[in-house]
Amino acid sequence: MGKIKVLPENIINKISAGEVVERPASVLKELIENSIDAGAREIEIDFSRGGKDMIFVKDDGTGMDKEDAILCFERHSTSKISKYEDLFKVKSLGFRGEALSSIVSVSKVYLLTSTNGNEGTKVSIEGGKILDVEPFIHPRGTTIIVKNLFFNTPARRKFLRSDGTEKKYILKTFKNLALSFYFCSFKLKEDGKLLENYFKGEDERERFFQIYGEDLKDLISFKERKVGNLSYKLFISKEIVSYPLPSFNHIILNSRVVYERWLYNYLKDNYPKRSWCIFLNIPTEEVDVNIHPAKTEVRFKNPSKILSLFQEEEIKKFNNSPIIYVPKADESLFKVQETLQISYKTYDFIFLGQIPNTFLIFSEGRDLIILDPHSAQERIIYENLLEKNINKQFLLIPKIMEITLEEMEELKENQEILKNMNFEIEEGGLKTLKIMATPSIFKGDEPLTFLREFLRNKKIKK
Ligand code: ADP
Ligand code: MG
């Protein structure tokens, strides 16, 4: 007897779930994308325990009739393409018909939906098996509740990270999608408590600052360009920003946050040490979106054509900034040099020059040393705080600091370290910190800058 057998459908679905559903945030991504594809303009999200216990997405899209509400859970069931050629002009976010079947194969799902607000359907399904279909009153649109992700694949459930870390993935996914769809309003809740509330925006700019904070407005420059049917809008942090910016290097290609290796490297090389976010619109025929199951990676069919869009751009000049000898380097150089001499006597660096506003170049014997003064200084402060016994100073009036939800999670994870440094910090609200005491080396607003760096820049914590 032969050894080969055809796998049953439920195993096939669990395998494909491995590709589509990596963690709660990937479920959220698929559900929001379905809502957008269904024409939603208002989307409400709730989650519990980093999405492991529950993810809820409600939209005001087209909804589904009873027949579709049952069929949508079948593998390769989709309303978005019907023939092979359609693949090359996909405008919707989904098209593989795999998301819902994958999700329901590893969780318990309730689908509530209606196409008109008068009559509707509720489908309960567990591990891919439909348990119940009943009439249900629901406003026009769809609500999907996903419970106990990976309940039947314990090995995968074990791979999930802490609730806090999964929450950070949820926040990232949520923000990426909200950034792409400024014309949609988004509410994000955790256990019923409102975390973020984005109203419908006028354009990408409005949504960008809703997400990253109005206080960044002066620190970001904006460019747009249109050539034929190609266009882009680009946000770039200004060249010298001492204020630690959140990192927002994103490519949003035809409303989809994607990774495209060529464009990513191009922007990274052309805007070193700056944050950028590009909204690129090009005809769908120019892109291959079908190279990754989660559709996060795409490929341009003709990169040089896209390049032409940037060609007359001034960013060219960043391409080959030479190492210029500056006889009088900036102040940070001397601080760093001084510390290097004091703390690391063994080093015998000779200063050669500085790339304007960025790296310092030294030689040591036959070695060339390239040093980022900003990071070096951070590192020095950080190590001093950790190792030396620096006193605690109580503030007469606590300092108030606004942070993001992600930074609040970072804070929770690093509470001990900050306490050891002699910070005393209290939560003053969902996104507000009250700083009661700081290490005594800091003056004025320095502790705020340090904290912001600390919470935003994981590098310095290693
Ligand atoms: P895909 O999005 O690739 O088509 P999915 O498994 O995500 O596959 O969804 C299957 C089908 O279910 C979709 O093609 C769509 O017709 C329907 N559907 C899913 N979510 C919604 C929703 N929120 N509103 C309306 N229809 C939906
Ligand atoms: Mg989908």
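Owing to the predicted nature of the structure, the values given are computational and were not obtained by experimental measurement. (Residues numbered from 1 in each chain as written. Chains lettered and ligands numbered in written order. Predicted model: local features only at pLDDT ≥ 70, side-chain atom pairs only at ≥ 80, totals over all residues. Heavy atoms only, no water.)

Points about the overall build of the protein
The number of helices and strands found in the protein is 14 helices and 21 strands. Counting the 462 residues in the protein, one finds 47% classified as buried. Partitioning the intrachain contacts of the protein with sequence separation of at least 6 by distance along the chain shows that 65% fall at a separation of at least 24. (Helix = DSSP H or I, 4+ residues; strand = E, 2+ residues; numbered from the N terminus. Buried < 20%, exposed > 50% of the residue type's maximum accessible area, 1.4 Å probe, protein only. Contact = heavy atoms within 4.5 Å.)

Here we look at the sheet that holds strand 16 (residues 350–354)
Taking strand neighbours across the sheet as the criterion, the three strands line up as 16-17-18 in an open arrangement whose pairing is antiparallel. In this open sheet, the two edge strands, each paired with only one partner strand, are strand 16 and strand 18 (367–371). The mean inter-strand angle of the sheet, taken between neighbouring strand axes irrespective of direction, is 25°. The pairing of strand 16 with strand 17 (residues 360–364) spans four bridges and is antiparallel. Residue pairing for strand 17: Gly 353 is matched across the bridge by Ile 361. (Pairing = 2+ DSSP bridges. Axes fitted to C-alpha atoms, helices over the stretch in contact; angles between N-to-C directions.)

What to know about the packing of helix 6 (residues 163–180) against helix 12 (residues 405–413)
How two helices sit against one another is set out by the angle between their axes and by the gap between those axes. Close contact between helix 6 and helix 12 brings their axes to 10 Å; oriented N to C, the two are set at 165°. When the axis of helix 6 is compared with that of helix 12, the two are roughly antiparallel. The interaxial crossing formed by helix 6 with helix 12 has left-handed handedness. Taking contact as the criterion, the partners of Gly 164, Thr 165, Lys 167, Lys 168, Leu 171 and Lys 175 in helix 6 are, on helix 12, Leu 405, Glu 406, Glu 409, Glu 410 and Glu 413. The residue makeup of the contact of helix 6 with helix 12, split by class, is two nonpolar, two polar and seven charged. (Parallel < 35°, antiparallel > 145°, perpendicular 65-115°, else oblique. Left-handed = near helix turned anticlockwise from the far one by under 90°. Nonpolar A, V, L, I, M, F, W, Y, C, P; charged D, E, K, R; others polar.)

Some details on the site of ligand 1
As a structural note, the neighbourhood of ligand 1 is formed by 19 residues, with Asn 34, Thr 78, Ser 79, Lys 80 and Gly 97 the closest of them. Note that an oxygen atom of ligand 1 is positioned 2.5 Å from one of the side-chain N or O atoms of Thr 78. Measuring from an oxygen atom of ligand 1, one finds a backbone N or O atom of Ala 99 at 3.3 Å. Starting from 530 Å² of accessible surface for ligand 1 in isolation, the protein chains cover 92%. Across the shell around ligand 1, the residue classes break down as six nonpolar, nine polar and four charged. (Near = heavy atom within 4 Å. Polar contact = N/O pair within 3.5 Å; in protein donor to acceptor, adjacent residues only side chain to side chain. Areas by Shrake-Rupley, 256 points an atom, 1.4 Å probe, with all protein chains shown as cover.)

Some details on the sheet that holds strand 20 (residues 424–429)
Taken in spatial order, the three strands of this open sheet run 19-21-20, and their pairing is antiparallel. Strands at the two margins of the open sheet, each flanked by one partner only, are strand 19 (392–402) and strand 20. Taking each pair of neighbouring strands and ignoring which way they run, the sheet shows an average axis angle of 20°. When strand 19 meets strand 21 (residues 432–439), the two strands line up antiparallel, connected through seven bridges. In the sheet register, Gln 393 faces strand 21, and the bridge partner there is Thr 438. Against the sheet, helix 14 (residues 446–456) engages strand 19, strand 20 and strand 21, with an angle of about 60° to strand 19.

Section: helix 2 (residues 24–37)
The end-to-end C-alpha separation of helix 2 is 20 Å, in line with the 20 Å expected for 14 residues at 1.5 Å each. For helix 2, a buried count of twelve out of 14 residues is recorded, marking the element as mostly surrounded by other parts of the structure. Those residues of helix 2 lying buried are Pro 24, Ala 25, Ser 26, Val 27, Leu 28, Lys 29, Glu 30, Leu 31, Ile 32, Glu 33, Ser 35 and Ile 36. (Expected span 1.5 Å × (residues − 1).)

Focus on the side chain of Lys 52
Inspection of the secondary structure puts Lys 52 in the loop between strand 1 (42–48) and strand 2 (54–59). The exposure class assigned to Lys 52 is buried, which follows from its relative accessible area of 9%. In contact with Lys 52, not counting residues within four places along its chain, are Pro 24, Asn 148, Leu 149, Arg 157, Leu 160, Arg 161, Ser 162, Asp 163 and Glu 166.

Topic: the nonpolar core
Counting 58 residues, the largest nonpolar core has Leu 31, Ile 43, Ile 45, Phe 73, Phe 186 and Phe 208 as its most contacted members. Formed by 24 residues, the second largest nonpolar core is a distinct cluster that contains Phe 95, Leu 230, Ile 306 and Leu 309. (Core = buried A, V, L, I, M, F, W, Y, C linked by side-chain atoms within 4.5 Å.)

Looking at the confidence of the model for the protein
Averaged over every residue, the pLDDT of the protein is 84; residues scoring 70 or more account for 89%. Here residues 314–330 is modelled with pLDDT under 50, and outside its nearest four sequence neighbours on either side it reaches 27 contacts, counting other chains as well. (pLDDT = per-residue confidence, 0-100.)

Overview of a nonpolar patch on the surface
Residues Ile 350, Leu 352, Leu 368 and Ile 370 make up a contiguous nonpolar surface patch of about 390 Å² in total accessible area. Mapped by element, the contributors of at least two residues to the nonpolar patch are strand 16 and strand 18. Its place among the elements puts Leu 352 in strand 16. On the basis of relative accessibility, which here comes to 36%, the residue Leu 352 falls in the partly exposed class. (Patch = residues over 30% accessible without salt bridge, like charges linked within 9 Å, V, L, I, M, F, W, Y side chains within 5 Å. Salt bridge = Lys/Arg side-chain N within 4 Å of Asp/Glu carboxyl O.)

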